[in-house]
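Each chain, written out:
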Amino acid sequence: MGSRDLTNEDKLKRFLYTGTPRGYYITGNSAARHFDKLPAIVPITWIESSTQDFLNVLKSVNEDSLLSRRSNLFYVLAEAMTEKQLSANARQDIKKTVLELVKADEEFFDFIQYHTKTRNPNSKMSTSLKKIIVKFYQDKRPQDLAVCVTKHDSYHKWTHKDLFKLCHFKTDNVQCEPVIKYVLYGATKLPEATDPVSKSIVDYLEKSNRLKVTEDVPEAVGLITQLHFTIDRVNSKLNKEEAVWLACLSEMTTREVLQCLFRFYKWGFIKANSEFHEKTNRMLVDAHKITQCNLHPIEVFIYLKFFEKGGKCLDPKFLAYLNQMELEADVLRRITTPIQPKCKPIIQSIKKCLKLSYSNVRPTEKRFLVCVDATAHGDLNCYQNRRITYLEAAHAVIRYLLKVETNVSVAVFKDSQIQFVDLSKSHNAVEKMQELRGSYIDPTAPMEWAMNKKKTFDVFINIMTNDWLEHVPQQSKKKAEKVPEALAKYCKKMNLPETRVVKMFLASPAGVHADNCRNILSIAGFTVDVPKVLEAFCRGHFC
């Protein structure tokens, strides 16, 4: 069951889903975690001899809605295209696949970013890359090209103008000429339109540009309503105007509304009985919109806690700086104390949104045993989400599984044993877990209990703190660390070779390490991506 059993397809899938070939997933900035070159992920000889198998894995993963970091696809493609050991034919097949996988403009710029980082900084842009860029723009209809260049001027410091100039972009379609002129010379150089389609494109470009530069609120509101735009297309000087946001609300997804809620409150938009308040409430409980953007219950829970507890935490370095400034106690307290919204109708609407979002998740039909390390202090915060405590996050994961799955058992680690607990009533769940805690934990205990009781489980989830081993008695440490051996023994005795273990280190990545086992995954941190990775692993989409 070790990593030696992984096929090349398995290794590639593991990287695509987790960003590393080592069997763990760490939340946070994925771009900062691309340390592995292609040969460290899969052998170049395999890509050369089985190019279609390599590309088929990328194509199948591309269609999976549980893929949390789509940029990994384009990192692998960029690495493969610049790999000198590959033949020209293999690189040609890879080049053809790039645009097949792109589902959004930003993903294409992900590929540009990774490709240009892998090449020699003193070398010119390759002909292959220029051809991909030209094809990306030429394949768009004139109207879609106009939307593409006006939606965002740049991604990852690459502008449309940069790419147009580097690849000398041109087209035989006269209806695209206004777009090219707009990108290269700006809205003042737009040509005269001669046909209805060109006229509509020129009109769209002029109005889009006008919205970017105008500081007049009524004009901006009119353009937003007419063009069905959101706030990212508006002059940044209008970003705190209530009327502008009110016009944008109808075009926003429920996810976007949840992300902006605390800002709305802080800026004073959510006033009782106001139009903004009523519209926001309707958006949060619209079942169709919740389904449309495929909101996950864990995601809604994170936004709920973020709103309830007053937005982002202060950066620890900034906090240390404030303490050194010798500010008056009242001033320091005002800066460091979070603003906790007193807005019950909005909080009730988010909770209703949470209930509605459970219908977005399909059950895996797996049998789960979830065990929680409750020895942690109550104020231990989550990695990447310091507004949520470790035990709050643990309970959120358990509640989501209990609501969605039909076969879930929950227990608390208690020294070398586990003790089962009923967490169906959420109002006292954290207190119940703390009441049953022991002085240390043994991560092999769930497998041993299940084996002794001859209970069948498909997935063991151990929710642990990163320093769990420090509290284990010296005589028990060697056994407690042997999770892969305990899992192998359970699988053999119960004849369940596909049983999996997920170790969730919600508070820190410090406890994460590679277990050298295909059926064990470690997850560090607590973000909106965590339930996707968890579900994909439990369903067997990767190992």
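Preceding this section is the structure that the text describes.
Draft legend 1. A look at the overall build of the protein chain. Counting secondary structure elements, the protein chain contains 27 helices and 11 strands. Taking 543 residues into account, the globule formula puts the C-alpha radius of gyration at 24 Å, and the protein chain, at 26 Å, falls close to it. Within the span of the protein chain, comprising 543 residues, buried residues form 52% of the whole. Considering only residue pairs separated by 6 or more positions, the protein chain has 70% of its internal contacts joining residues 24 or more positions apart. Accessible surface computed for the protein chain: about 26,000 Å², of which carbon and sulfur atoms make up 48%. If the 81 positive side-chain charges of the protein chain are averaged to one point and the 63 negative ones to another, these points end up 2 Å apart.

Draft legend 2. View of unusual backbone geometry. Of note in this structure, asparagine 294 is not a glycine but carries a positive phi near 55°. Following the sequence through the fold, asparagine 294 ends up in the loop between helix H17 (287-292) and helix H18 (297-308). By relative accessible area, which is 41% here, asparagine 294 ends up partly exposed.

Draft legend 3. Fine view of the environment of arginine 14. Its location among the elements puts arginine 14 in helix H1 (residues 8-18). A distance of 2.8 Å separates the side chain of arginine 14 from the backbone oxygen of cysteine 543, its partner in a polar contact.

Draft legend 4. The packing of helix H9 (residues 142-151) against helix H11 (residues 177-185), seen in detail. Packing of H9 against H11 brings their axes to within 9 Å, and their N-to-C directions diverge by 15°. Regarding the angle of H9 to H11, the classification is roughly parallel. The handedness of the crossing between H9 and H11 comes out as left-handed. On the side of H9, the interface is formed by Pro142, Leu145, Ala146, Val149 and Thr150, while H11 contributes Val179, Tyr182 and Val183. Taken together, the residues of the contact of H9 with H11 break down into 7 nonpolar, 1 polar and no charged.

Draft legend 5. Looking closely at the packing of aromatic side chains. Counting across every chain of the model gives 26 aromatic pairs. Between phenylalanine 164 and phenylalanine 169, the aromatic rings sit 4.8 Å apart at their centres with planes inclined by 45°, giving tilted as the arrangement. Across this residue pair, the class does not change: phenylalanine 164 and phenylalanine 169 are buried. Between lysine 403 and the ring centre of tyrosine 358, over which it is positioned, the NZ or CZ distance is 5.7 Å. Arginine 500 extends its terminal NZ or CZ atom over the ring of phenylalanine 537, reaching a point 4.6 Å from the ring centre.

Draft legend 6. Highlighting the sheet that holds strand S8 (residues 417-420). Taken in spatial order, the 7 strands make up an open sheet running S1-S11-S10-S9-S4-S7-S8, and their pairing is mixed. Pairing within the sheet leaves two strands with one partner each, and these edge strands are strand S1 (24-26) and S8. Across the sheet, the mean angle from the axis of one strand to that of its neighbour is 20°, orientation sign disregarded. Examined bridge by bridge, strand S4 (residues 368-372) and strand S9 (residues 459-464) share 5 bridges and lie parallel to one another. By the bridge assignment for S9, valine 372 is matched with isoleucine 463. Set on the sheet, helix H26 (residues 483-494) makes contact with S9, strand S10 (500-505) and strand S11 (520-524); between it and S11 the angle comes to about 140°. Strands in contact with helix H27 (residues 530-538) are S1, S4, S9, S10 and S11; relative to S11, the strand with the most contacts, it is inclined by about 175°.

Draft legend 7. Region of the structure containing empty space enclosed by the protein. Overall, the coordinates contain 1 cavity of 30 Å³ or more when judged by the stated rule. One number sums up the size of the largest cavity: a volume of about 40 Å³. Among the secondary structure elements, those contributing two or more residues to the lining of the largest cavity are helix H22 (390-404) and H27. A per-element tally of the lining of the largest cavity places H27 first, with 3 residues. Across the lining of the largest cavity, the residue classes tally to 5 nonpolar, 1 polar and 2 charged.

Draft legend 8. Spotlight on the environment of proline 363. Tracing the backbone through its elements, the reader meets proline 363 in the loop between helix H21 (344-357) and S4. Distance in space between the C-alpha atoms of proline 363 and arginine 539 is 9.8 Å, their sequence separation being 176 residues. Setting aside chain neighbours within four positions, we find proline 363 in contact with Val404, Glu405 and Arg539.

Draft legend 9. Representation of the pattern of salt bridges in the model. Within this structure, the stated rule accounts for 23 salt bridges. In this structure, the salt-bridge partner of aspartate 105 is lysine 140, at a minimum N-O distance of 3.2 Å. Of this pair, aspartate 105 sits in helix H7 (residues 105-118) while lysine 140 sits in the loop between helix H8 (127-138) and H9, and the two are 35 residues apart along the sequence. Lysine 140 shares its class with aspartate 105; the two are buried. What emerges from the salt-bridge pattern is a single network uniting Lys305, Glu308, Lys309 and Glu392.

Draft legend 10. Local environment of H21. Here H21 contains 14 residues, and its C-alpha end-to-end distance of 20 Å stays within 8% of the 20 Å for a straight helix at 1.5 Å per residue. Burial in H21 covers these residues: Ile346, Ile347, Ser349, Ile350, Cys353, Leu354 and Ser357. The arc enclosing the buried residues of H21, seen along the axis, measures out at 160°, which places them on a common side. Exposed side chains of H21 directed beyond 90 degrees from the buried face belong to Lys344 and Lys355.

Each value, and the rule that gives it
Residues numbered from 1 in each chain as written. Predicted model: local features only at pLDDT ≥ 70, side-chain atom pairs only at ≥ 80, totals over all residues. Heavy atoms only, no water. Helix = DSSP H or I, 4+ residues; strand = E, 2+ residues; numbered from the N terminus. Rg over C-alpha atoms; globule rule 2.2 N^0.38 Å. Buried < 20%, exposed > 50% of the residue type's maximum accessible area, 1.4 Å probe, protein only. Contact = heavy atoms within 4.5 Å. Areas by Shrake-Rupley, 256 points an atom, 1.4 Å probe, with all protein chains shown as cover. Lys, Arg positive; Asp, Glu negative; His and termini not counted. Charge placed at Lys NZ, Arg CZ, Asp CG, Glu CD. Polar contact = N/O pair within 3.5 Å; in protein donor to acceptor, adjacent residues only side chain to side chain. Axes fitted to C-alpha atoms, helices over the stretch in contact; angles between N-to-C directions. Parallel < 35°, antiparallel > 145°, perpendicular 65-115°, else oblique. Left-handed = near helix turned anticlockwise from the far one by under 90°. Nonpolar A, V, L, I, M, F, W, Y, C, P; charged D, E, K, R; others polar. Phe/Tyr/Trp six-rings, centres within 6.5 Å; stacked < 30°, edge-to-face > 60°. Lys NZ or Arg CZ within 6 Å of the ring centre and 35° of its normal. Pairing = 2+ DSSP bridges. 1 Å grid on protein atoms, 1.4 Å probe; cavity = no way out; pocket = protein on both sides within 12 Å on 5 of 7 lines; lining within 4 Å. Points joined across faces, edges and corners; volume = space filled by probe spheres on them. Salt bridge = Lys/Arg side-chain N within 4 Å of Asp/Glu carboxyl O. Expected span 1.5 Å × (residues − 1). Arc of directions from axis to C-beta.

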